[in-house]
Structure formats: structure tokens, C-alpha cells
Amino acid sequence: MALKTHICLFIFCCCLAYNSNAHPLGGNRLDVLVRQYNEAIYDARFTDAQTILYLFLSQKDLSKSERLYGEYLQACVHRSKGSADIATTRLADLYPKIFDLPTLHQDMFEPLFLGKIAECYFDRQICDTAYNYAKQSVAFQPKESIYTVRSRRTDSTELQKNALIFGNPLRDNGHAINYLIMGAYENDQKNYKTAKQYYDNALLIYKERGAFCEMPLVYTKTAYLKLNEGDKEACLADLKRAMFLSDSCKIKLYRSLSKSALSGYYKQIGAFEAALKTYEKYEEISKQIYKAEQLLNINELQVKYQTELAEAENRRLRQAAKMKEQQITNKVIFLLGLVGILLLILVFVVLILRLRQAKNRKLEEQVHQIQLQNQERDALLKEVHHRVKNN
């Protein structure tokens, strides 16, 4: 078992290495973005994913296509967190921006958005709407000349014949999810043959893309189809494949899905003891996922709390700075007013002094006139006394 696990992981890593082609929109930074984003999402580190996208979108030299792709991934984070309704609204708001892009990129973005909207409706259990969007996404197949199928056998005749099922280059696994949604809808409608065709298409895409870790999504669904056909051995084989791949890839969500499906199988065939044991394992994994989500929510609340504290402190500092600035302004106004008053007093004093000086000069002139008149009068009196004396 251990040997099989190592072989599977080795093959998976080789396929990933081979499939590391340049991003369809061009530019190494998109490759880096998608890799970091996928790592964060698979590990349920949604806050990290949002941070990665924020840093990417803060770059000023992004093209319209690159910016729209970053905003698209932001909406996808909401879906991954379980807020499919928010993601649906966000994608619908972004959808008109597609038509501002070059025609080449419009052909890639339109099926991408339609497919993701289909996933959101599927998560919300609005299966008929999800089916319609998935079908539209598949119908918007871009021209072969504008994308490259990432495959170890790109020159194979089979691949060229089935080119339509590989879908959009912006989605790592093409239309696989669209076919899973359509297959699930047809299965609910009890159109098992059509459902099987869709599941087979999805499985072919995953195989050709080397996306072995995504195959449990298909095997858990094909298992029920085979059980409905009465082929219990084939059903159990598919469930074991799903278990092996999900355990090898260490994706808790897929392990939980596989365990739940296997428990349902045992219950349906009457193996209640095996069903109970498998269900206990399923609950254990679910608790781990729930605990991780709880820790994530706590971390997000802490981040939000710290952010609110920082914003409150910033507001307080801004208000204090504004008050200090107002106080300085008031002091300046007061000083200017005081200087103005002092200047007015000084001018008033100068005017009074000048008026007094003018008045003093006038009085001095009047005294001088009086003195002259007195001198003239004394002279006249002396003359009169002299003449009287002579007579």
C-alpha cells in the first residue's frame, strides 16, 4: 500500500512539473499568483488567499485582463469560504467587464465566469440554474488556436477528437467541473446514461491533465451510478479509488467526501458495522475540518478586531492632530489680534503726542505774541511819562 502511495505521488508530481506551462494570459506573475492562491485555498487559508490577491491587485502596471482575473479569484475565495451567494453577486457584477477586454481574452473569460457561476448555484443547491450555466460554459468553447491543451499526449488523435471537452485554458482542468455539475443534475433526473457520459468526460479531462487529486470527485459519483446498475463490485472499486487518491493527496475535504460515500455504500448493502466504522472516520475528519475552520474564523475575527482597533487609533490620532492644529491656529489668531491692538494703541498714542506738540507750539506762539505786545505797551508808557514830565 505504501509503495502504491509513493508511486501515485511520484506520477502526480511529474505531471505537475510537465504541466507548468506559461499562463494563457501571459506573464510569469500570473503563474506565481495562481500557484500561491491554489496552495492557500487547498489548505483552507482563505485570509492568506485574500492577502495574496490584494497584493497582486495593488500593482499599478496590471493589464485589464490581469486585473479582472485577480478580481475573479477574489470572488472565488468567497465561494471557497462557503459564501456562494456573495460569490454569485460578485461574479455577476464583474461579468460586464469581460467585454472591455481584447476579443481573444473575451473568449477565455466568458466560459470561465459562466462555469464558476454554475459552481456557485450548485453549492446553493439550485441545480437547474447550475446546469444551465454549466451548459453555457461548455458551449462557449474557445477556438483551438487561442489555447493549448496541457497534456502529456497533445499530439494524440483521441485528444484532438475530444478537444471540445477540455475547455477554457484559464481553468486548470477545463470543463471537468461543468461536466460534474451536469452529470449530477442528470443523475437527479434519473438520466443515468447521460450522467455517465458527463462523468466520463470529466474523468478523461482529469486523466489527461494529470489532476489525480481531483478524481475522487468523479469516482464518488460514478460509484452510485454503478450501484444503481446493480454492479456492487464496480461501485466499491470506484469508492476505494476515491479513498486511495484522497488519502494520497491529503486533501481533507475529499477524504471526508470519500468516507461519507463509502459509509453510504455499506449502509445500502446492509453492512451496518462497516458503515458505522466508516462513518466514525468520516466524522473524525469532518471535526478536523470544522476545527480548522473554527481556528480560521477566530484568526479572521482577531485580524478584523486588530484592524478595527488600528482604525480607531488612527481616527483618534487624526482627531487629536486636528484639535492641536486648531489650537495652534487659535493661538496664532489671538497673537495676531493682540499685535493689531497694540499697533492701534501705539498709533493712538503717537497721534495724541503730535496733537499735544502742535497745541504746545501754538501756545508758545501766543505767549510770544503777548510778550511782544507787552514790550510795545511798556515802551509807549515810558514815552508818555517822559513827555508828561517835560511839559
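Summarised in this report is the structure supplied together with it. Computed from a predicted structure; not experimentally measured.

1. Here's the deal with the overall build of the chain
Item 1. Assigned secondary structure in the chain consists of 14 helices and zero strands.
Item 2. Across the chain, helices and strands are ordered from the amino to the carboxyl terminus as α-α-α-α-α-α-α-α-α-α-α-α-α-α.
Item 3. A sequence separation of at least 24 residues applies to 61% of the contacts in the chain between residues at least 6 apart.

2. Overview of the pattern of salt bridges
Item 1. Scanning the model with the defined rule gives nine salt bridges in all.
Item 2. Salt-bridge contacts for Arg-29 lead to Glu-66; the nearest nitrogen and oxygen are separated by 2.9 Å. Linking Arg-29 in helix α2 (residues 28-42) with Glu-66 in helix α4 (residues 64-80), this pair joins segments that are 37 residues apart in sequence.
Item 3. A salt bridge links Arg-79 to Glu-119, with the nearest nitrogen and oxygen atoms 3.3 Å apart. Separated by 40 residues along the polypeptide, Arg-79 in helix α4 and Glu-119 in helix α6 (residues 103-123) bring together distant segments of the chain.

3. Quick word on the nonpolar core
Item 1. Of all hydrophobic cores here, the largest spans 62 residues; its most connected members are Tyr-37, Tyr-69, Tyr-72, Phe-109, Phe-113 and Tyr-206.
Item 2. Counting 10 residues, the second largest nonpolar core, distinct from the first, contains Cys-235, Leu-239, Leu-262 and Tyr-265.

4. Re the packing of aromatic side chains
Item 1. For the structure shown, the criterion picks out nine aromatic pairs.
Item 2. Between Tyr-69 and Tyr-72, the ring centres sit 5.9 Å apart and the planes meet at 20°, which makes this aromatic pair stacked. Remark: Tyr-72 and Tyr-69 occur in helix α4; sequence separation between them is three residues, near one turn of the helix.
Item 3. Measuring from ring centre to ring centre gives 6.3 Å for Tyr-69 and Phe-109, while their planes differ by 75°; the resulting arrangement is edge-to-face. Taken together, the positions of Tyr-69 in helix α4 and Phe-109 in helix α6 put the pair 40 residues apart, joining distant regions of the chain.

5. Focus on the state of the cysteines
Item 1. Evaluation of the coordinates by the stated rule reveals zero disulfides.
Item 2. Cysteine Cys-120 remains unbridged, with the sulfur of Cys-76 as its closest cysteine sulfur at 7.2 Å.
Item 3. Using a relative accessible area of 0% as the deciding quantity, one classes Cys-120 as buried.

6. Considering a nonpolar patch on the surface
Item 1. A contiguous nonpolar patch, built from Phe-334, Leu-335, Leu-338, Ile-341, Leu-342, Ile-345, Phe-348, Val-349 and Leu-353 and spanning about 890 Å² of accessible area, is present on the exposed surface.
Item 2. Looking at where Leu-353 falls in the secondary structure, it is placed in helix α14 (residues 272-390).
Item 3. Residue Leu-353 is classed as partly exposed on the basis of its relative accessible area, which comes to 46%.

7. Here we look at the side chain of Glu-186
Item 1. Its location among the elements puts Glu-186 in helix α9 (residues 176-188).
Item 2. Polar side-chain contacts of Glu-186 include one of 3.2 Å to the side chain of Tyr-131.
Item 3. For Glu-186, the residues in contact, after removing those within four places along its chain, are Tyr-131, Asn-191, Thr-194, Ala-195 and Tyr-198.

The rules behind the values
- Residues numbered from 1 in each chain as written.
- Predicted model: local features only at pLDDT ≥ 70, side-chain atom pairs only at ≥ 80, totals over all residues.
- Heavy atoms only, no water.
- Helix = DSSP H or I, 4+ residues; strand = E, 2+ residues; numbered from the N terminus.
- Contact = heavy atoms within 4.5 Å.
- Salt bridge = Lys/Arg side-chain N within 4 Å of Asp/Glu carboxyl O.
- Core = buried A, V, L, I, M, F, W, Y, C linked by side-chain atoms within 4.5 Å.
- Buried < 20%, exposed > 50% of the residue type's maximum accessible area, 1.4 Å probe, protein only.
- Phe/Tyr/Trp six-rings, centres within 6.5 Å; stacked < 30°, edge-to-face > 60°.
- Disulfide = S-S within 2.5 Å.
- Patch = residues over 30% accessible without salt bridge, like charges linked within 9 Å, V, L, I, M, F, W, Y side chains within 5 Å.
- Areas by Shrake-Rupley, 256 points an atom, 1.4 Å probe, with all protein chains shown as cover.
- Polar contact = N/O pair within 3.5 Å; in protein donor to acceptor, adjacent residues only side chain to side chain.

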